[in-house]
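# Chain and residue survey
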Amino acid sequence: MAWPAAAQNLQHCAARDLVVERLAQKYRESRQALGLGTQGAMVEIFASEETGSCTITVTMPNGSTCLLATGQAYERLVEALPAAGDDT
C-alpha cells in the first residue's frame, strides 16, 4: 500500500501545526525522525521518551497531516550496520 494514498483516505487528518501541537501537549511527543516519501510526502516519527508513546505521521504537500500509526514502548536505537560482506 502506498502511504500517501492510504493517508489521504484516513479520517485522522488535520493541518500539520494542529497535529504537532496536539502530539506535544497531550502526549508529550516531539519529532524524532523524518524522511521524504512519494509524491512529496514527508513521513515523521514523533515520540516521547518520558511516556513511551509514539506516532507516525505523513504530511502531504498541501499541509494536511495524517496519523498512520500510534504505539507504546518507544525506544531510541542506534544500531550499527554489519560490515560489508558479513552475512551474520
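The structure displayed is predicted, hence computed values, not measured ones.

## Here's the deal with the overall build of the chain
Summing up its helical and strand segments, the chain has two helices and five strands in all. Reading the helices (α) and strands (β) of the chain from amino to carboxyl end gives α-β-α-β-β-β-β. Here the chain displays about 6200 Å² of accessible surface, and carbon together with sulfur accounts for 55% of that area.

## Some details on the confidence of the model for the chain
Mean pLDDT over the chain works out to 87, with 84% of the residues at or above the 70 mark. The low-confidence segment residues 1-8, where pLDDT is below 50, has twelve contacts with residues more than four positions distant or belonging to other chains.

## Thoughts on the sheet that holds strand β1 (residues 13-15)
Read across the sheet, five strands follow the order β1-β5-β4-β3-β2 without closing on themselves; strand pairing throughout is antiparallel. Single-partner strands in this sheet number two, and they are β1 and β2 (30-36). On average, each strand axis in the sheet is inclined to that of its neighbour by 30 degrees, with strand direction left out of account. Across six bridges, the pairing between β2 and strand β3 (residues 42-47) is antiparallel.

## A look at the state of the cysteines
Linking two cysteines covalently via their sulfur atoms produces the bond known as a disulfide. Applying the stated rule across the entire model yields one disulfide. Each sulfur in the disulfide pair Cys13 and Cys66 lies 2.0 Å from the other. Taking the torsion about the S-S bond as the criterion, the Cys13 to Cys66 disulfide, at about 110 degrees, is right-handed. In this pair, Cys13 is assigned in strand β1 and Cys66 in strand β5 (residues 64-71), connecting sequence segments 53 residues apart.

Cut-offs used in this document
Residues numbered from 1 in each chain as written. Predicted model: local features only at pLDDT ≥ 70, side-chain atom pairs only at ≥ 80, totals over all residues. Heavy atoms only, no water. Helix = DSSP H or I, 4+ residues; strand = E, 2+ residues; numbered from the N terminus. Areas by Shrake-Rupley, 256 points an atom, 1.4 Å probe, with all protein chains shown as cover. pLDDT = per-residue confidence, 0-100. Contact = heavy atoms within 4.5 Å. Pairing = 2+ DSSP bridges. Axes fitted to C-alpha atoms, helices over the stretch in contact; angles between N-to-C directions. Disulfide = S-S within 2.5 Å.

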